[in-house]
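Understanding the architecture of this molecule
Each chain, written out:
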Amino acid sequence: MSEDYRSVFTDGLWRNNVVFAQMLALCPLMAVTTTATNGLGMGLATTGVLLTSNIVIASCRDLISQEVRIPVFVLLIAALVSLADMAINAWLHELYKVLGLFIPLIVVNCAVLGRAEVFASKRAVLASAVDGLAMGLGYTLALILIGGCREILGSATLFAHASLLLGDGFAFLETTLIPKYKGFLLMLLPPGGFLVLGFLLAGKRAAERRWQRRATNRGEARAGAQQSPSAA
Amino acid sequence: MNRWFLKPEYRQRLSYHVALLGGVALLTSAAIGVADHLTRPDIAQRQLEDLQITLQQVVPATYYDNDLVRDTVTVDDGGRPLVVYRARRGGQVQAVCYQVSAPGYGNTAMVIAVGVDRAGTLLGARVISHNETPGLGDKIELNKSDWILSFTGRSLNDPQPDQWAVKKDGGVFDQFTGATITPRAVVKAVKAGLEFFAAHRALLLDEVAPGPIAGQPAPDGGNRL
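For clarity, every value in this text was computed on a predicted model and none was experimentally measured.

Rules and cut-offs
Every chain's residues receive numbers from 1 upward, in the order its sequence appears when written. By the order in which they are written, chains take letters starting at A while ligands take numbers starting at 1. Per-residue local features of the predicted model are confined to residues with pLDDT of at least 70, and side-chain atom pairs are confined, for both listing and counting, to 80 or more; whole-chain, interface and lining totals are unaffected and use all residues. To obtain the side-chain values, all non-hydrogen atoms of the structure were used and water was disregarded. Whether two residues are in contact is decided by their heavy atoms: any pair within 4.5 Å suffices. The salt bridge definition used is simple: a Lys or Arg side-chain nitrogen within 4 Å of an Asp or Glu carboxyl oxygen. Side-chain atoms alone can form a polar contact between residues adjacent in sequence; in general such a contact is a pair of N or O atoms within 3.5 Å, and within protein one must be able to donate a hydrogen while the other accepts it. In this description a helix means any DSSP run of H or I spanning at least four residues, a strand means any run of E spanning at least two, and both kinds are numbered starting from the N terminus. Basically, the charged four are Asp, Glu, Lys and Arg, the nonpolar ten are Ala, Val, Leu, Ile, Met, Phe, Trp, Tyr, Cys and Pro, and anything else, Gly included, counts as polar. A residue counts toward a patch only above 30% relative accessible area and without a salt bridge, and it is joined to like-charged neighbours within 9 Å or, for Val, Leu, Ile, Met, Phe, Trp and Tyr, to nonpolar neighbours within 5 Å. Only the protein chains shown count as covering a residue, and every accessible area follows the Shrake-Rupley method with a 1.4 Å probe. Under the convention used here, Asp and Glu are negative, Lys and Arg are positive, and both His and the chain ends fall outside the count. A charge is said to be at NZ when it belongs to Lys, at CZ for Arg, at CG for Asp and at CD for Glu. Three exposure classes are used, based on accessible area relative to the maximum for each residue type with a 1.4 Å probe and protein chains only: buried under 20%, partly exposed in between, and exposed over 50%. Residue count minus one, scaled by 1.5 Å, sets the expected span of a helix. Axis geometry follows a simple rule: fit a line to the C-alpha atoms, using only the stretch in contact for helices, then measure angles between N-to-C directions, giving values from 0 to 180 degrees. Working definition: roughly parallel below 35 degrees, roughly antiparallel above 145 degrees, roughly perpendicular at 65 to 115 degrees, and oblique for all remaining angles. By convention, the crossing between two helices is left-handed when the near helix turns anticlockwise from the far helix through less than a right angle, and right-handed when the turn is clockwise.

Points about the interface of chain B and chain A
Each partner contributes to the interface: chain B provides 30 residues, whereas chain A provides 32 residues. Where chain B meets chain A, there are zero salt bridges. Between chain B and chain A we count five residue pairs in polar contact (both at pLDDT 80 or more) in total. Element by element, the count of residues in the side of chain B that touches chain A is highest for helix H2 (residues 14-58) of chain B, at 16 residues. Counted by class, the side of chain B that touches chain A contains 13 nonpolar, 11 polar and six charged residues.

Encoded structure:
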């Protein structure tokens, strides 16, 4: 089966985005997206786990029988997350101090199990790797977007403490929009997360509808242009 | 090709399911066991380094010339053993450092290191680990906010005991926007840490031998607070 990697990629990033289309993984999303930096950290950690879990599950998909596939997937994903947790703690300790908070949350991320079930258990290893990467990046994008909106509205900063996550070279990302901002608590609490998600979803739908309308208009125009010489 | 295990009819059998599930469970547990074995010394080393860094933060270097990570005394703190690190200069204990824990938001424990000098004045407090909400309760970390520095120089009588609380409760310490439980718990824990020092002062300062008289005021020491 030949794979259309481009379509797999755009599916993950936009058309079938974990958050904006599948509406999965909202629990860790609401928990960490109080700042864009936290969103980025969680997104990167999740991308790593999605990529490896998709590869592992796709490579032993022939062995896993239908009836017990879910517990097997859960075991494999939980083991991978634990391994990542220990390895980062031992060998990338500086990163662990920042990401350590998020790693256990990945186990409860149903998007990882979702991709194993929907994609990796049925497709080739390479395609599954691409899917894991694309889904992870799409999730990262969503986390940064929602985290950014909540951070701007809630505490009037953007990418606060980015240098802790990415190193001092990225300190330029840290912006304070309004100094001495009193803070808008609702945005930092989970309800604010749902509000932001709702508005972003509405925006995505509106944009897609507009693009679709424009595409059909253009199609009609082209059809009209093609017809007009024969009509003339 | 004799790939019998790939034939679908075998995969329908109950014994195959059991073997598969058991095998995967065994493999993953083995992998985690091996990884734990491989990473344990490294993780312990990293935690020791973290501990040294924390100790240096709560006890200024001028207070000691010994290796305070190794100079410890274990004190019974209400049924739980508590390891106290002693900072000595010229053999005399100048300050002690220990960890106190507090139930944070959602009942996950926060661990706070406090350094206290001979007079019972807080040299510094730092949150070592916590599971507070990122963006709300995590302002107790020094790299997110300098709130935790507001404890430096305090003692049990400064502020007065009833002022040892967040402002919302009539005390002197700030709370955070949207998070009162976390700073309230930290204030309570730091105060408990100072009370622990007052209760075990002589033992902590190595003025009595640890033993049955632990916790009793020494003749020369006692409650000078």
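Considerations on a positive patch on the surface
All names here are of chain A. A surface patch of like charges, here positive, comprises Arg205, Arg209, Arg210, Arg213, Arg214, Arg218 and Arg222. With respect to the helices and strands, the residue arginine 222 is situated in helix H11 (residues 190-231). Judged by its relative accessible area of 52%, arginine 222 falls in the exposed class.

What about helix H4 (residues 69-91) of chain A?
Taking 1.5 Å per residue as the helical rise, H4(A) with its 23 residues ought to reach 33 Å, and the 32 Å between its terminal C-alpha atoms agrees with that figure. Of the positions making up H4(A), those classed as buried are A:Val72, A:Phe73, A:Leu76, A:Ile77, A:Ala79, A:Leu80, A:Val81, A:Met86, A:Ile88, A:Asn89 and A:Ala90.

Considering the packing of helix H3 (residues 36-59) of chain A against H4(A)
Residue and element names in this part refer to chain A. Between H3 and H4, the least distance of the axes is 10 Å, while the angle of their chain directions is 135°. The pairing of H3 with H4 is recorded here as oblique in orientation. Here H3 runs over H4; the crossing is right-handed. Of the residues in H4, those in contact with Val49, Thr52, Ser53, Val56 and Ile57 of H3 are Phe73, Leu76, Ile77, Leu80 and Val81. The residue inventory of the contact of H3 with H4, partitioned by class, reads eight nonpolar, two polar and no charged.

Quick word on the packing of H4(A) against helix H7 (residues 110-120) of chain A
Residue and element names in this part refer to chain A. Put simply, H4 and H7 touch, their axes get as near as 10 Å, and they point 130° apart. The angle between H4 and H7 places the two elements in the oblique class. The interaxial crossing formed by H4 with H7 has right-handed handedness. Residues Arg69, Ile70, Phe73, Val74 and Ile77 of H4 pack against Val112, Leu113, Ala116 and Glu117 of H7. Residues of the contact of H4 with H7, tallied by class, amount to seven nonpolar, no polar and two charged.

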